[in-house]
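Coordinate inspection notes
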Amino acid sequence: MKSISFRIENYIAYVTINRPEVLNCFNYDTLSQLQQVVDELHIDENVCVVIFTGAGDKAFSAGADLKERKTLTTQEVRRNVRAIRDVFNSIANLPQPTIAAVNGHALGGGFEWLLACDFAIAVNEALLGLTETSWAIIPGAGGTQRLPRLIGEMKAKEMILTAAKITASEAASLGIVLKTVTRESLLIECESLAMRMMQNGPVAVRQAKYAITQGMNTDIQTGLAIESKAYELVIPTEDRLEALQAFSEKRQPAFQGK
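Since we're looking at a predicted model, the values are computed, not measured. (Residues numbered from 1 in each chain as written. Predicted model: local features only at pLDDT ≥ 70, side-chain atom pairs only at ≥ 80, totals over all residues. Heavy atoms only, no water.)

1. Here we look at the packing of aromatic side chains
Taken as a whole and assessed by the stated rule, the structure comprises four aromatic pairs. Measuring from centroid to centroid gives 6.2 Å for F52 and W113, while their planes differ by 70°, and the two rings are edge-to-face. Of this pair, F52 sits in strand β3 (residues 49-54) while W113 sits in helix α4 (residues 109-115), and the two are 61 residues apart along the sequence. Of the two residues examined, F52 and W113, each falls in the buried class. Ring centres of F60 and W113 lie 4.0 Å apart, and the angle between their planes is 15°; on these two criteria the pair is classed as stacked. Here F60 is found in strand β4 (residues 59-61), whereas its partner W113 is found in helix α4, with 53 residues between them in sequence. Comparing F60 with W113, the two get one shared label, buried. The structure contains a cluster of three or more aromatic residues connected by ring pairs, namely F26, F52, F60, F88 and W113. Above the ring of Y14, the side-chain terminus of R7 is found at 4.0 Å from the ring centroid. Its guanidinium or amino end placed over the ring of Y28, R79 lies 3.8 Å from that ring's centre, counting from NZ or CZ. (Phe/Tyr/Trp six-rings, centres within 6.5 Å; stacked < 30°, edge-to-face > 60°. Helix = DSSP H or I, 4+ residues; strand = E, 2+ residues; numbered from the N terminus. Buried < 20%, exposed > 50% of the residue type's maximum accessible area, 1.4 Å probe, protein only. Lys NZ or Arg CZ within 6 Å of the ring centre and 35° of its normal.)

2. So, helix α3 (residues 74-92)
The first and last C-alpha atoms of α3 sit 27 Å apart over 19 residues, in line with the 27 Å expected at 1.5 Å per residue. For α3, every residue scored as buried is listed here: N80, A83, I84, V87, F88, S90, I91 and A92. (Expected span 1.5 Å × (residues − 1).)

3. Digging into the pairing of β3
Across the six residues of β3, six count as buried, placing the element largely inside the fold. Neither face of β3 is left uncovered, since the one carrying V49, I51 and T53 and the one carrying V50, F52 and G54 both have all their residues buried. Note: strand β2 (residues 12-17) against β3, six bridges, orientation parallel. When the sheet's bridge partners are listed, T16 is paired in β3 with T53. Where β3 lies against strand β5 (residues 98-102), four bridges are found, and the strand directions are parallel. Bridge pairing links I51 to I99 in β5. (Pairing = 2+ DSSP bridges.)

4. Observations regarding the pattern of salt bridges
The final tally for this structure, using the stated rule, is ten salt bridges. Two residues, R7 and E9, come together in a salt bridge whose shortest N-O distance is 2.7 Å. On the basis of relative accessibility, which here comes to 39%, the residue R7 falls in the partly exposed class. By relative accessible area, E9 is classed as partly exposed at 42%. In this structure, the salt-bridge partner of E153 is K157, at a minimum N-O distance of 2.6 Å. Placement of the pair is E153 and K157 together in helix α6 (residues 153-162), with a separation of four residues, close to one helical turn. (Salt bridge = Lys/Arg side-chain N within 4 Å of Asp/Glu carboxyl O.)

5. Comments concerning the sheet that holds strand β9 (residues 166-167)
On the basis of which strands lie adjacent, the open sheet formed by four strands has the order β4-β6-β8-β9 and mixed pairing. At either margin of the open sheet sits one strand with a lone partner, and together these are β4 and β9. Pairing geometry for strand β8 (residues 127-129) and β9, over two bridges, is antiparallel. Each residue of the ladder has a partner; that of L127, found in β9, is T167.

Structure (structure tokens):
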């Protein structure tokens, strides 16, 4: 049985961890399957937005599969940590906008998965936290780096060093999730966000994401240079000319992604 469910519909890719019986935890096989899917998405120009979620109604993901971890050698533990770090980096580097549809608790590696996405929308009852220090380890899939960049160093240290679990509402107030919603409206809200982005020029959306993401990890002058290069890539596109033509004709543009 595959641990990852994957489908593409209306230019949106839906990627689901399908292990609800173990709270969608990541074992090595799941990480390998997820990496394969993400690698395919990276080069798929027909996918405009990617939505990640977990199966069931209890957990987005509770992180590493501790039952598996208990059976691993030290070398295998290092292999797993590298695999989860690599796949989350791959998600963060996808050219398409990514949305975490947080259908339940997001803890440990599950929270780091959320942090690797561009947006997160969570159900009201979800709990979120980097709880690794309570297991005598540290976040090893980007949590110590992405969380402080998102909410500030002091608050991130408090959350990580105390292994705190916060509510979805608290996460929204900190800017960790975009909004909280009812379970029934979770996918609707995620698809609505996806559709709002997909109304715009596909090349421009990808380049804007690239400029923001890369610029956030450097000084402003380097960031401005990144922005300039990204802008250069949209100037010769047919979509840019179509937008101008549509404006003059007072109609909606028909973007082609080229």
